[in-house]
Amino acid sequence: DRARMPRFPEPTALKHEIEKLLVAAVAQLGDLDGPAPRVEVERARDAQHGDYASNLAMQLAKPLRRKPRDIADDIVANLPDTDLLAGVEIAGPGFINFRLSPAAFHAEIARVVDAGENYGCSEAGGGERVLVEFVSANPTGPLHVGHGRHAAYGACVANLLSATGYRVHREYYVNDAGRQMDILALSLWLRMHELAGLELPFPAGGYRGAYLVDIAREAQADALAAGLLAPLENWGKDAPADAPEGDSDKHLDALILELKTRLGADGFAAVLKIGLDAILGDIRDDLAEFGVEYDEWYSERGLVDSGAVERALARVKESGHTYVQDDATWFRATAFDDEKDRVVVRDNGSTTYFASDIAYHLDKRGRGFERLIDILGADHHGYVARVRAGMQATGEPPESLEVDLVQFVILYRGDEKVQMSTRSGEFITLRELREEVGDDAARLFFVSRSNEQHLDFDLELAKSRTNENPVYYIQYAHARICSVLREMEARSVDWNEGRAKASLERLTEAHEQKLMQALVRYPEMVEQAARQRAPQHIVHYLRELANDLHAYYNAHRFIVDDEALRDSRVLLILATRQVLRNGLGLLGVSAPASM
């Protein structure tokens with residue numbers, strides 16, 4: 001009965017090989033009274049107890065109705081013969097501790113070099129189709145520092161999932177429809193008037209950034225020639241008073257309506273296209289320079305124009321979970337554990353952002369994606385329940401949606417906090433940060449802490465060439481290995497890979513043992529980081545690996561007269577270089593050959 005057989009992940013690391021041995025041993029124990037537990041081993045907490053440990057015997061106590069210690073004895077007795085283990089011990093109430101053999105470490109070091117850039121990759125995801133949507137900032141201005149953290153985190157999560165056997169689609173949702181785009185068009189139109197000498201009052205709710213003036217300057221002449229900037233008498237005379245004397249939103253909406261009426265649909269669309277194309281082009285370039293690429297830039301306007309929103313609303317209504325109140329259509333989200341019901345169609349007949357959200361996620365599922373990962377800002381904590389409610393009402397599994405929230409970034413120069421924005425609406429852009437500290441430092445610093453924690457970003461530390469700077473420290477380890485290889489080439493020192501693999505038993509120094517123990521952990525770290533959506537695990541692992549390499553480099557010579565020892569040491573640092581390079585690649589950080 002397959003359902004009652006112990007389960008274990010696809011073997012991708014040494015720990016999974018041990019899990020396979022346990023599965024074979026458990027099969028000899030007899031029938032289980034109940035479901036089989038997951039067969040899994042973990043890193044031993046204390047290295048004196050071995051390399052790995054399992055509490056499987058205690059998990060089997062109830063299904064087998066026996067004492068854990070007795071079960072552990074039988075498991076150990078039934079383990080297949082293997083060169084993988086140097087010893088197996090039972091501790092405490094029934095923990096099973098495993099100690100890897102030197103041959104296991106040696107085989108894994110050779111495997112690192114043979115696998116190259118594929119070392120650490122696995123099929124753990126089983127080919128599941130995953131859509132990762134991240135950044136998706138409104139195209140109303142340039143990306144700021146906070147968007148940079150979203151970009152780095154989302155790209156790393158996508159890389160980790162790809163490396164562990166998921167089929168990943170990277171997507172940016174372009175909010176190019178709705179009120180914020182109307183405000184953009186109005187703001188740009190007014191700025192172009194200013195540059196043409198036709199200055200009109202600027203509303204309090206308009207977009208005030210200097211970037212809009214730059215766009216207006218580029219487009220003003222063409223807009224004037226197209227007749228989009230002709231003098232308009234009595235502009236805004238019928239609009240409600242602007243804030244603070246009146247209602248800023250009503251004033252803004254009245255101006256937008258007036259502009260649409262005066263320019264006509266085509267003229268208004270032309271102004272909007274100027275602003276949208278310029279800002280979205282800047283966002284694309286900024287992210288590409290940051291090493292963040294997408295498979296698709298998905299247009300909200302396209303979603304609306306295709307009728308997807310109307311179709312989604314029809315499905316919601318068919319579910320029987322809508323009602324009309326005050327001329328608006330409401331979705332009864334409270335029936336699906338949301339905190340309150342949500343408007344999907346306003347009293348003026350326009351659909352809400354929430355209606356588009358439902359349609360977009362239904363579209364994702366309709367495109368065949370089994371898991372939907374949305375990476376959003378921390379202020380979207382209420383988003384999960386409402387979208388899952390909409391999915392559930394339309395017959396889609398709500399658990400297919402996963403939302404990972406990214407907390408805020410605070411910039412420091414040493415101990416001094418950096419002002420992130422001004423009253424004029426200016427803020428520190430991602431491009432400005434990248435230009436100051438470099439793409440590598442920005443990428444690594446952004447993912448050095450959990451996405452659920454606020455990030456203090458020290459600009460001076462990110463630029464420093466010291467051991468305290470993690471990106472410098474890790475990259476320097478890679479560069480140091482490359483310098484050894486250059487020295488060998490300069491001295492015409494012979495190196496034989498076959499002889500190196502046959503001589504790995506010569507690696508007996510404490511620094512060598514520690515480095516090998518660190519290297520074989522890498523596939524496990526990749527799986528863990530992917531499973532937990534936690535690229536910071538890779539950062540911490542690489543820093544520890546770099547520390548082990550630096551300690552080894554400082555304590556021993558690699559280019560020695562003893563050929564077997566020299567070859568084996570070079571193979572070890574080649575394996576280290578490969579793992580450093582692979583890990584940095586997952587983070588989107590370069591691995592320089594010299595520094």
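Up top is the structure these notes are about.
(A) Quick peek at the overall build of the protein chain. Counting its regular elements, the protein chain contains 22 helices and 15 strands. Considering only C-alpha atoms, the protein chain reaches an extent of 90 × 65 × 40 Å along its principal axes. Residues classed as buried in the protein chain amount to 52% of the 595 residues present. Of the contacts made within the protein chain by residues no fewer than 6 positions apart, 71% connect residues no fewer than 24 positions apart. Here the protein chain displays about 27000 Å² of accessible surface, and carbon together with sulfur accounts for 46% of that area. When the 68 basic and 95 acidic side-chain charges of the protein chain are each reduced to a single mean position, those positions are 3 Å apart.

(B) Spotlight on the pattern of salt bridges. Under the criterion given, the structure shown has 42 salt bridges. Asp286 serves as the salt-bridge partner of Arg431, at 3.9 Å between the closest nitrogen and oxygen. Highlighted residues: Arg431 in helix H14 (residues 430-437) and Asp286 in helix H9 (residues 248-289), separated in sequence by 145 residues. Relative accessible area serves as the criterion here: at 1%, Asp286 is assigned to the buried category. Across the pair Arg413 and Glu460 runs a salt bridge whose closest N-O atoms are separated by 3.5 Å.

(C) Focus on the sheet that holds strand E6 (residues 167-174). Strand order in the open sheet made by the five strands is E7-E6-E5-E11-E12, with parallel pairing throughout. The sheet is open, and its two borders are formed by strand E7 (296-299) and strand E12 (401-406), each paired with just one other strand. When strand polarity is set aside, the average angle formed by the axes of neighbouring strands in this sheet is 25°. As paired elements, strand E5 (residues 129-133) and strand E11 (residues 371-377) share four bridges and run parallel to each other. Paired with Glu133 across the two strands is Asp374, which belongs to E11. Against the sheet, H9 touches E6 and E7, its axis set at about 155° to E7. Contacts between helix H13 (residues 383-393) and the sheet are confined to E11 and E12, with E12 contributing the most and set at about 165° to the helix.

(D) Quick look at helix H19 (residues 510-519). Among the residues making up H19, those that are buried are Glu512, Leu515, Met516, Ala518 and Leu519. Around the axis of H19, the buried residues are gathered within 160° of arc, so they sit on the same side. Where H19 is buried, its residues contact helix H5 (102-115), helix H20 (522-531), helix H21 (536-555) and helix H22 (563-587).

About the thresholds
Residues numbered from 1 in each chain as written. Predicted model: local features only at pLDDT ≥ 70, side-chain atom pairs only at ≥ 80, totals over all residues. Heavy atoms only, no water. Helix = DSSP H or I, 4+ residues; strand = E, 2+ residues; numbered from the N terminus. Buried < 20%, exposed > 50% of the residue type's maximum accessible area, 1.4 Å probe, protein only. Contact = heavy atoms within 4.5 Å. Areas by Shrake-Rupley, 256 points an atom, 1.4 Å probe, with all protein chains shown as cover. Lys, Arg positive; Asp, Glu negative; His and termini not counted. Charge placed at Lys NZ, Arg CZ, Asp CG, Glu CD. Salt bridge = Lys/Arg side-chain N within 4 Å of Asp/Glu carboxyl O. Pairing = 2+ DSSP bridges. Axes fitted to C-alpha atoms, helices over the stretch in contact; angles between N-to-C directions. Arc of directions from axis to C-beta.

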